[in-house]
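Architecture at a glance
Here is how the chains run, residue by residue.
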Amino acid sequence: MEAKGPNYSKIRAILNRIPKKTQAIVLVSGVLIFSAVGFGMKVQADQEAVVAQHLIETQGFEVYYNGELFAKVRNTLDIQTTIDEKAMFLEKAEGIAMIPDGEFTYEPTSFEDEDETSPVAIQQAVDSNVEFLAQATQIVVDGIALATVKSETEAQQIIDGIQAPYIAKMSEDGSEIFEVGLVETVSFETSATDPTTIQTVEKVEEFLVKGTNRNETYVVQRGDWFEKIAYDHDMTVVELKAANPEMNYNLIYAGDDVNLIVPDPFLSVATYEKATYEEGIEYGTEYTTSSSYYKDENRVVRSGKEGTKEVVANIKKVNGKAVEVEVLEETVLKEPRAKLIAQGTKEIPQLKGTGVFQYPVQVSSLSSRFGNRVHPITGRPDFHTGVDWPKSKGTPVKAADGGTVTFAGWKSGYGYVVYMDHGGGFETRYAHMSAIYVQKGEKVYKDKSIGAVGNTGNSTGSHLHFEVRKYGVAYNPYNFLDGSAYR
Ligand SMILES: [Zn+2]
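Below, the structure is looked at part by part. Bear in mind that the values here come from a model prediction, so they are computed numbers and not experimental data. (Residues numbered from 1 in each chain as written. Predicted model: local features only at pLDDT ≥ 70, side-chain atom pairs only at ≥ 80, totals over all residues.)

**Some thoughts on the overall build of the protein**
Here is the rule: In DSSP terms, a helix is any run of H or I states spanning at least four residues, a strand is any run of E spanning at least two, and both are numbered starting from the N terminus. Radius of gyration here uses only the C-alpha atoms, and the compact-globule reference equals 2.2 Å multiplied by the residue count raised to the power 0.38. Any residue whose C-beta has 12 or fewer other C-beta atoms within 10 Å is treated as exposed, any with 20 or more as buried, and any in between as partly exposed, C-beta atoms being built from the backbone. By the convention adopted here, residues are in contact when the distance between their C-beta atoms, placed from the backbone, does not exceed 7 Å.
Assigned secondary structure in the protein consists of nine helices and 29 strands. Taken over C-alpha atoms, the radius of gyration comes to 50 Å for the protein, far larger than the 23 Å a tight globule of 487 residues would show. Across the 487 residues in the protein, those meeting the buried criterion constitute 20%. Intrachain contacts of the protein at a sequence separation of at least 6 include 70% that bridge at least 24 residues.

**Describing the environment of K339**
Relative to the helices and strands, K339 resides in strand β17 (residues 339-346). According to the C-beta neighbour criterion, K339 is partly exposed, with 16 such atoms within 10 Å. Separated by 65 residues in the primary sequence, K339 and K274 have C-alpha atoms spaced 34 Å apart. Sequence-distant contacts of K339, that is, excluding residues within four places in its chain, are made with Y283, T285, V300, R302, S303 and G304.

**A word on the packing of helix α6 (residues 152-170) against helix α7 (residues 201-210)**
Two quantities define a packed helix pair, namely the angle between the helix axes and the distance between the axes. To keep things clear, this is the line we draw: Axis lines are fitted to C-alpha atoms, over the contacting stretch for helices. Their N-to-C directions set the angle, which ranges from 0 to 180 degrees. By definition in this entry, angles of less than 35 degrees are roughly parallel, angles greater than 145 are roughly antiparallel, angles of 65 to 115 are roughly perpendicular, and the rest are oblique. Whether a crossing is left-handed or right-handed is set by the direction in which the near helix is turned from the far one by less than a right angle, anticlockwise for left-handed and clockwise for right-handed. Polar here means any residue other than Ala, Val, Leu, Ile, Met, Phe, Trp, Tyr, Cys and Pro, which are nonpolar, and Asp, Glu, Lys and Arg, which are charged; Gly is therefore polar.
The N-to-C vectors of α6 and α7 enclose an angle of 45 degrees; their axes lie 10 Å apart at closest approach. Here α7 runs oblique to α6, going by the angle between their axes. In terms of crossing hand, the pair formed by α6 and α7 is right-handed. In this structure, α6 contributes E154, Q157, I158, G161 and I162 to the contact, and α7 contributes V201, V204, E205, L208 and V209. Of the residues in the contact of α6 with α7, the class split is six nonpolar, two polar and two charged.

**Digging into the sheet that holds strand β25 (residues 435-436)**
What counts, and what does not: A pair of strands counts as paired when DSSP detects no fewer than two bridges linking them.
Read from one edge of the open sheet, three strands run β21-β27-β25, paired in antiparallel fashion. Of all the strands in the sheet, the pair left with one neighbour each is β21 (396-398) and β25. Pairing between β21 and strand β27 (residues 449-452): three bridges, direction antiparallel. Each residue of the ladder has a partner; that of P396, found in β27, is A452.

**Remarks on the nonpolar core**
The following threshold applies: Structurally, a nonpolar core is described as a collection of buried Ala, Val, Leu, Ile, Met, Phe, Trp, Tyr and Cys residues joined by way of C-beta atoms within 7 Å.
V397, V417, V418, Y430 and M433 are the most contacted members of the largest nonpolar core, which has 28 residues in total. Going through the elements one at a time, β20 (387-390), β23 (415-423), β24 (426-433), β27 and β28 (463-470) are the ones with two or more residues in this core. No other element matches the five residues that β23 contributes to this core. Not counting residues within four places of it along the chain, the set of residues in contact with M433 comprises V397, G415, Y416, V417, G451, A452, V453, G454 and T456.

The structure is reproduced here in structure tokens:
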């Protein structure tokens, strides 16, 4: 509130401090002095003095509230006291400082006693025309007012509360956290507010941490499990975990509440810690050459092994999740071992048949011979169109001679199988393989790895089933594996 006309109000202020009776004496003596000095001057002076005296005696203020005439008072305190009393009454009721929503201005003027607003009328005017607002505290985050609480003390309590778990962690034994702070810039601003917009400390803290006041929970039913609840609510497991950070996901029971709101906090807590931990060291790859393999082949001759190192690092976490790692020191505890690959150097033979077959694998035993036998799976008499050589899974299967791949893929019974045409009506087949390295139509040299031994199709163990056919008729492969020309 501000009184207009500083000079006039000064006079009033001085007069206000002097008791009424003394005021009169001062005024009268002023008149007497004036009369003495002015004796012999014009009579007009006397009249002017009377008018001036009357003006002083009847001086007061027109009080305006938000520009509207509100009351006429002799003393600004007449209004102020009533306002203060009302504010105090409301403050007791609301528990927060209250101030009038609007401005009182004072125009110095003079008026007769009967025009002065009575104390009762002032009280009524205050009650019916003046709205009071709470002097609340807004929490401003990065320039945006997000919530209103009763006081700065409460606002500070919220900000402290959000950081409290991290500060508690910092003081735990062996904690590596050396600093805790908010990511966002927070300030408090006092503002005149409708008291109904003021929220409790608990509400505001939850709002700032979750990013919303929305609450959505799901009550666990019998037969639910965490992943199913996530799926049923169109959430990922990661999101559902973020919404329920305190929950033990493996131990949920019917009747438990599962929070469905993924937090998107307005306020995030950053922690800085100096941590020491072990970390793996990736292994590299080294290359060598080998005359044992053809130029289009390579082999892993030694597998790689991860190493380990001790790392000392400054880690910045936001809401408990690492966002920045500054490595300060690394000590190798175990060197990694590089993977070694041998690249073949042997000249690639001609991509056509030589006329002489070689064994597709190194044969150490025969588990089923060519011709009539009892089928190992059906138990019925059966004609075996090839030979079965037991071999460990992954052993390379070599082309018996150069030729063209006519089939490479899955066939029922055979499993993964390769057919090769060697010219002159001759065909070889390699069945039950675990991998195939060639494609239909590919021209292949003798001894090329075309696949790997396996146990696919109708097979009771890892072995190679090998066939030699001429114009579609199966012959005993051993007839052609003696090193002599087949054509
Ligand atoms: Zn067989």
